[in-house]
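Results of the structural survey
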Amino acid sequence: MVTLSAQEDLITPLPIKAAKDTITAPLLSSNIFNDSIKVDSISADTVPKKQPLLLDKIKYKAKDYVKLSQKDNKIYLYDEAEIYYQDTELTAGVIVMDYVKNEVYAGRMKDSLGNYSQLPFFKQGDNEVRPDSIRFNFDTQKALIWNSRTEQQAGLGQLGSDAMKVYAEKTKKENDSVYFLSEGKLTTSSDTVNPDYYIRVRKAKFVPKKKIIAGYSNMYIVDVPTPVALPFAYFPLTTGRVAGILFPTFGNDPNRGYFIQNGGYYLPISDYVDLSVTGDYYTNGSYGLQGRSIYTKRYKFNGNINISYENLVTSQKGFDDYSRTSNYNIRISHSQDTKASPNSRFSASVNLGSSQYYTNSLNQVNRNNSQTNTFASSISYSKTFPAYPSVNTSLTVSHTQNSRTQVINMSLPTFQASMERIYPFVKRDAVKKGVFDNINFQYDVNAQNSITTTEENFFKSEMFDEARIGARHRLPIATNFKLAKYLSVSLSGTYEDVWSMETIRRQYDTELQETVTDTIAGFDRFNRYSLGTSIGTTMYGTWNFGEDKKIQALRHVMRPSISYSYTPSFEQFYESYTDEDGEEVQYTPFENSIYGRPSLNKGSSLSFSLQNSLEAKVRDKDSTATEPRKVKILSNLTFSSSYNLEADSLKLSPISMSGATEIIKNIPINFAATFDPYAIDNNGRRINTLNIQNGGGIARLTSARVNTSFSLNSEMFQKGGAKEKSDQEKQSDFSDNPFAIDDVRGASNNPNQNRGNQSGNPNEGQPIYNNKLPWDARFTYVASYNNSNRQSEITNHSLMFSGNVQLTPKWEVGFNSGYDLKDKGFTDTRFAFKRDLGSFRLSFDWTPFGRYERWYFFIGIKSSLLSDIKWENRSQR
């Protein structure tokens, strides 16, 4: 028995369209879809009736016509035909359904010109197939599919970017989870009609969302067979993280032989942690091991751990140039989600290992770090106690390592605690007025175990030989008030108590005839304090030129300040010994203190500073704007110096100047200089004679520095080409600054240049350069000058630059280099060529000269599903 349900009412005569006619379907019984189909009864037939296999109603419809043939026991659906049964969906141009055999046949429509349309679409559950034709049995759930097309999501990518397209001339559906393919094609190409590459499989077993197991398979590129072939193949189609082998890279090194790199195994330990272990091996005995683990827990924490070890062998045993070196590197990163604990936080950033690890590493993945000179690490835990007065505490382990000097500085650990500012003479939330209300104090403590060692003694007991342990307690007290309405006055004092776990004793040994310094272990302390006051104000100068002017106003802000500081002499913490000449030499037992030594001389000095800023109000180019624009000409220009009241000579310190401007918009320029008011003698030493009294100027320039960094791109040069500019273009328009010098695009004196095409010239208002190649470039310029001994020397003069040029939509060239204008030479220069080949990616990395001269070529499939299909080669050095 077949139970059917149609959206059309088949009880009444149904018109059927013919080529040039209209016929009428026969009248059908009203219970044809509710009763068994009647056949001639045979009295001798004792075979029991077959139980129905269909478990639900079959719903169907078509746009053109639906024809039921009682003679053929079939239903014909034509034009946009659709059938639905449970989780099965079938749409096609033509569908023929045999309601006795419970089978459907679906195919395409063909017009008078021979063109096909309305290809079948078959969906069962989450599996989708787009064939030319299909035959499907509702009872057995089996199917025969011709020229099938399906797409399988796999890996961790999004649908479309990491999806495997499966084509087959003939497919047999065995059940819901197994398909057998004949003459299939596998590809990740986005072109579904003419893929630029595919893997041809003669016979294969296809398990949707799990795997494809194939016999002899080989790769085709633009329908041309290649020798890339396998006698059998396995293609995983699982989604998410799955354990599996990481395919290595093969190559040859003239010094170490043939090699494999980055081959290993990937293991997802749990939903929160994974592990990948890879290795390198060279035929001369060199090898490397790498372990990487990534962990994460949502709203809690995330991080990764990387451990690498390399054993590098050069030449062969018995030769003079034979050597064996071991390098290692440990990198750890951990961060805590802010939602996990609002009052405590744990974080880690570790990068330590052999100083020459990145320089000597043969693994290509370390290429970009070959110029790393400093390794730094920090592991910290911080906690806040929010109750008033709140206290912030932290415990930190830090490490810095210079790869050139191989000197390592560590703090094992550093403890810090600080209490919030307290106003003892006023309520916490009250308004503070006057001297007493603003009196406040804080407290903080810093304690650390500082270690300085070398890479040779790292992780050995010798690294603790030079360890220094100490603590500093600090109590700053301050207040501020207004004087004569316009003057801001502040008073401050700081008390420090410094603890040390070792001191020194120094004496002259008459037998050895040298000064001997002994280190004495044990607790000792010293204290120090200082006082200070400052007074300052803010002055404004404004010049108005009128609203009809382009520059409507100028505003100059000056902030002069004078401060005084006093530090007494702490000679009570000094001792003395008699040297070989019989002279008394003073020293302090706290010379090795982490927090410095107590001062022997009294300090009393005045400091002066003058901060300046200059900005303008400029009429906006936009006529609809109601307010003028503010343009900063000088964002900062500061002069500072000091006068030592206790010094017997050279009381005036050098005058420091620093400033910043953006005279060309989006090109900040920072500059600094030092001027010495005193003259120097023939040996270059400062003398207690003012430079102006020695025949010079008020002060002589002793050093100067200027640096700038800016970016350019092709969009900046497109003027007038569009009616509206993007935000980036507006920000990059140099001419918005009326004080800007002529920029690199050239200045125009034509006042109508930016007023649109008013003259009717079709070329007016078009981009200055019609170059449509997108590009970007970044520049950094640094220059420094030294004249402390009248040497008038340029100590540093360099220009660093990098950028990218997109030659075509699929060709891109990148560069990174610099030029030393002083020594007349290029720095490490690198070119990167990239080509998008559709399904493939091509890159060529080239360092043409210098210490790291080398090249690297790569071509491979972009999709992560077949990323192991690649070819790469590198320079033999």
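Residues numbered from 1 in each chain as written. Predicted model: local features only at pLDDT ≥ 70, side-chain atom pairs only at ≥ 80, totals over all residues. Heavy atoms only, no water.

**Side note on the overall build of the chain**
A count of helical and extended segments in the chain gives 3 helices and 55 strands. Looking at the chain as a whole, 33% of its 877 residues qualify as buried. Considering only residue pairs separated by 6 or more positions, the chain has 49% of its internal contacts joining residues 24 or more positions apart. As displayed, the chain has an accessible area near 51,800 Å², and 53% of this comes from carbon and sulfur atoms. (Helix = DSSP H or I, 4+ residues; strand = E, 2+ residues; numbered from the N terminus. Buried < 20%, exposed > 50% of the residue type's maximum accessible area, 1.4 Å probe, protein only. Contact = heavy atoms within 4.5 Å. Areas by Shrake-Rupley, 256 points an atom, 1.4 Å probe, with all protein chains shown as cover.)

**Thoughts on empty space enclosed by the protein**
Taken as a whole and judged by the stated rule, the model has 5 cavities of 30 Å³ or more. Of the voids in this model, the largest cavity is the one considered here, and its volume is about 90 Å³. Glu128, Val129, Thr150, Tyr179 and Phe206 are the residues nearest the centre of the largest cavity, which is lined by 14 residues in total. Elements with a contribution of two residues or more to the lining of the largest cavity: strand S12 (127-129), strand S14 (143-153), strand S15 (163-173) and strand S16 (179-187). (1 Å grid on protein atoms, 1.4 Å probe; cavity = no way out; pocket = protein on both sides within 12 Å on 5 of 7 lines; lining within 4 Å. Points joined across faces, edges and corners; volume = space filled by probe spheres on them.)

**What to know about the packing of aromatic side chains**
Here the structure, examined in full by the defined rule, presents 26 aromatic pairs. Between the aromatic rings of Tyr529 and Phe570, the centroid separation amounts to 5.6 Å while the plane-to-plane angle is 90°, which identifies the pairing as edge-to-face. Of this pair, Tyr529 sits in strand S36 (residues 514-536) while Phe570 sits in the loop between strand S38 (551-567) and strand S39 (575-578); the two residues are 41 residues apart in sequence, bridging distant segments of the chain. The exposure class assigned to Tyr529 is partly exposed, which follows from its relative accessible area of 37%. Positioned over the ring face of Tyr116 is Arg108, at 3.8 Å from the centre of the ring. Positioned above the aromatic ring of Phe385 is the side chain of Lys383, whose terminal nitrogen or guanidinium carbon lies 5.7 Å from the ring centre. (Phe/Tyr/Trp six-rings, centres within 6.5 Å; stacked < 30°, edge-to-face > 60°. Lys NZ or Arg CZ within 6 Å of the ring centre and 35° of its normal.)

**Here we look at a negative patch on the surface**
On the surface, Glu456, Glu462, Asp465 and Glu466 cluster together into a negatively charged patch. Mapped onto the secondary structure, Glu456 falls in the loop between strand S33 (440-454) and strand S34 (468-483). (Patch = residues over 30% accessible without salt bridge, like charges linked within 9 Å, V, L, I, M, F, W, Y side chains within 5 Å. Salt bridge = Lys/Arg side-chain N within 4 Å of Asp/Glu carboxyl O. Lys, Arg positive; Asp, Glu negative; His and termini not counted. Charge placed at Lys NZ, Arg CZ, Asp CG, Glu CD.)

**Things to note about the pairing of strand S32 (residues 407-422)**
Bridge count for strand S31 (residues 391-402) against S32 is 10 bridges, and the pairing is antiparallel. Following the sheet pairing, His399 is matched in S32 by Met410. From the end of S31 to the start of S32, which pair antiparallel, there are 4 residues, and Gln406 there has a positive phi angle of about 60°. Both S32 and S33 contribute to a ladder of 12 bridges, which runs antiparallel. In the strand pairing of S33, Thr414 is matched with Gln448. (Pairing = 2+ DSSP bridges.)

**Looking at the side chain of Lys165**
Looking at where Lys165 falls in the secondary structure, it is placed in strand S15. In this structure, Lys165 is buried with no salt-bridge partner, the nearest side chain bearing the opposite charge being Glu151 at 4.3 Å.

**Some details on the pattern of salt bridges**
It is possible for side chains bearing opposite charge to pair when their charged atoms get close. According to the stated counting rule, one finds 26 salt bridges in the structure shown. Residue Glu82 is joined to Lys61 by a salt bridge in which the shortest nitrogen-to-oxygen separation is 3.8 Å. Of this pair, Glu82 sits in strand S6 (residues 74-85) while Lys61 sits in strand S4 (residues 58-61), and the two are 21 residues apart along the sequence. Taking relative accessible area as the criterion, Glu82 reaches 19% and is therefore assigned buried. Note on Lys61: relative accessible area 30%, which makes it partly exposed. Where Lys63 meets Glu80, a salt bridge forms, and the shortest distance between an N and an O atom there is 3.8 Å. Of this pair, Lys63 sits in the loop between S4 and strand S5 (65-69) while Glu80 sits in strand S6, and the two are 17 residues apart along the sequence.

**So, the side chain of Asp132**
For Asp132, the position within the fold is in the loop between S12 and strand S13 (133-137). Here Asn147 takes part through its side chain, which lies 2.6 Å from a polar atom of the side chain of Asp132. Of the polar contacts made by the side chain of Asp132, one reaches the side chain of Arg149; its length is 3.2 Å. When neighbours within four sequence positions are excluded, Asp132 is seen to be in contact with Ala106, Gly107, Arg108, Leu119, Pro120, Trp146, Asn147 and Arg149. (Polar contact = N/O pair within 3.5 Å; in protein donor to acceptor, adjacent residues only side chain to side chain.)

**Thoughts on the confidence of the model for the chain**
On average, residues of the chain score 83 in pLDDT, and 86% of them are at 70 or above. In the model, residues 720-770 has pLDDT below 50 throughout and makes 70 contacts with residues more than four positions away in sequence or in other chains. (pLDDT = per-residue confidence, 0-100.)

**Some remarks on the environment of Arg597**
One can find Arg597 in the loop between strand S40 (584-587) and strand S41 (603-618). Residues Arg597 and Phe570, 27 residues apart in the sequence, show an inter-C-alpha distance of 9.8 Å. If we ignore the near neighbours within four places in the chain, the residues touching Arg597 are Phe526, Arg528, Tyr574, Thr588, Phe590 and Glu591.

**Side note on the environment of Arg700**
Relative to the assigned elements, Arg700 resides in strand S47 (residues 700-713). Considered as a pair, Arg700 and Ile655 are 45 residues apart in the sequence and their alpha carbons are 9.8 Å apart. Those residues in contact with Arg700, other than ones at most four positions away along the chain, are Thr674, Phe675, Asp676, Tyr678, Ala679, Ile680, Arg686, Asn691, Asn787 and Ser788. Reaching out from Arg700, the side chain makes a polar contact with the backbone oxygen of Tyr678 at a distance of 2.9 Å. At a separation of 3.3 Å, a polar atom in the side chain of Arg700 contacts the main-chain carbonyl oxygen of Ser788.

**Here we look at the pairing of strand S30 (residues 374-385)**
Pairing analysis gives 6 bridges linking strand S29 (residues 344-353) to S30, with the strands arranged antiparallel. Paired with Ser349 across the two strands is Ser378, which belongs to S30. Where S30 and S31 come together, 12 bridges link them in antiparallel fashion. Each residue of the ladder has a partner; that of Phe385, found in S31, is Val391. A loop of 5 residues connects S30 with S31, the two strands running antiparallel in sequence.

**Concerning a nonpolar patch on the surface**
On the surface, a cluster of nonpolar side chains totalling about 590 Å² of accessible area is made up of Phe247, Phe250, Ile260, Tyr281, Tyr287 and Leu289. Structurally, Phe250 can be placed in strand S23 (residues 249-253).

**Side note on the environment of Thr537**
Among the structural elements, Thr537 can be located in the loop between S36 and strand S37 (539-544). Aside from chain neighbours lying at most four places away, what touches Thr537 is Tyr486, Leu487, Met558, Arg559 and Pro560. Within the structure, the side chain of Thr537 is placed 2.8 Å from the backbone oxygen of Tyr486, a separation counted as a polar contact.

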